[in-house]
Amino acid sequence: MTRTWTGLAVGVGLFACLASAVPAQAAEISLARLDCGTPQAPIAVNGRFSDTFAYGELKLQFVYSCYLIKHGDEYMLWDTGHSMTAPNVAPKVSIVDQLARIDVKPDQIKYVGISHYHADHTGQVSSFPKATLLIGAKEWDAITAPKPAQGVNYKPFESWIKGDSKVEPVPLDKDVFGDGSVIMLRTPGHTPGHTSLLVKLSQMGPVILSGDAVHFHENYDSDGVPAFNYDRAQTIASIERIKKILANLKGTLIIQHDARDVGKLPVFPEFAK
């Protein structure tokens, strides 16, 4: 009899372990682009955006994109664009006011993911002090350095630097919600701790939001390296990684600064109302 009960107990325990190992059903995911800066006239990109002068006379108009991810009932904001006081390129409507149009308040944002520390990606982060900041560990090191280097836009992060808000420096990749639907990808090169974001959409399939791993499609197609990037070899390796992920997952690249990608995403249900 003892042997029978022991076997039953082991069986129940094994069943419980197997049940806990089964991943929870992924939440419904939606993704919307937010306009986070005012585009200027097209500019020549050959000298500044290619250290091999690959683009000839090409001129392109840059846009400034942020994204809202809805994961079930939770929200994540990816990048926060220019500040509302940035000369010439300030957004016409703040992120907070854009979110208000769909009845989302700043305190409802669970995570703010920042691709890197430059001002055109960090300008409005201070509007979300209740959110957990997700940022590459080396980006966070640069922001919190005793004397931040030129180009490191550290001032909007005051609440997180002081410890009044929660921050999670991300050293490698991060599965944001724990179900594989939204993954921060380590893509250094533009800056030391740069990250991109993989979002798996039911309608469109996997999408990678580039951050500044690449700035426009010609840059991506030619493995181009801007002259101002932090590390050339890391840049090329990160572009190669993105290409392989997209090929393996049959995904789509959304380049955040490329105006040609603005309309590629499906319409966010709340914005369509």
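Residues numbered from 1 in each chain as written. Predicted model: local features only at pLDDT ≥ 70, side-chain atom pairs only at ≥ 80, totals over all residues. Heavy atoms only, no water.

Caption draft 1: Expanded view of the overall build of the protein chain. When helices and strands are tallied, the protein chain shows nine helices and 13 strands. The buried share of the protein chain, taken over its 273 residues, is 49%. In the protein chain, the proportion of contacts linking residues at least 24 apart, taken out of those at least 6 apart, comes to 65%. Entry remark: accessible area of the protein chain is about 13500 Å², with carbon and sulfur atoms responsible for 56%. (Helix = DSSP H or I, 4+ residues; strand = E, 2+ residues; numbered from the N terminus. Buried < 20%, exposed > 50% of the residue type's maximum accessible area, 1.4 Å probe, protein only. Contact = heavy atoms within 4.5 Å. Areas by Shrake-Rupley, 256 points an atom, 1.4 Å probe, with all protein chains shown as cover.)

Caption draft 2: Quick look at the layout of surface pockets. A volume near 500 Å³ is recorded for the largest pocket. If you go around the largest pocket, you meet 24 residues; those closest to its centre are Arg 48, Phe 49, Asp 120, His 215 and Phe 228. Split into classes, the residues belonging to the lining of the largest pocket amount to 10 nonpolar, 11 polar and three charged. (1 Å grid on protein atoms, 1.4 Å probe; cavity = no way out; pocket = protein on both sides within 12 Å on 5 of 7 lines; lining within 4 Å. Points joined across faces, edges and corners; volume = space filled by probe spheres on them. Nonpolar A, V, L, I, M, F, W, Y, C, P; charged D, E, K, R; others polar.)

Caption draft 3: Spotlight on the confidence of the model for the protein chain. Taken as a whole, the protein chain shows an average pLDDT of 90; of its residues, 88% reach a score of 70 or greater. Here residues 1-24 is modelled with pLDDT under 50, and outside its nearest four sequence neighbours on either side it reaches zero contacts, counting other chains as well. (pLDDT = per-residue confidence, 0-100.)

Caption draft 4: Just the sheet that holds strand 10 (residues 182-186), in detail. Strand order across the open sheet formed by five strands is 9-10-11-12-13, with mixed pairing between neighbours. Only two strands of the sheet have a single partner each, and these edge strands are strand 9 (174-175) and strand 13 (252-254). Bridging between strand 12 (residues 205-209) and strand 13 involves three bridges; their strand directions are parallel. The residue of strand 13 that forms the bridge with Ile 208 is Leu 253. Relative to strand 12, helix 8 (residues 232-249) is tilted by about 170°, and along the sheet it contacts strand 10, strand 11 (195-201), strand 12 and strand 13. (Pairing = 2+ DSSP bridges. Axes fitted to C-alpha atoms, helices over the stretch in contact; angles between N-to-C directions.)

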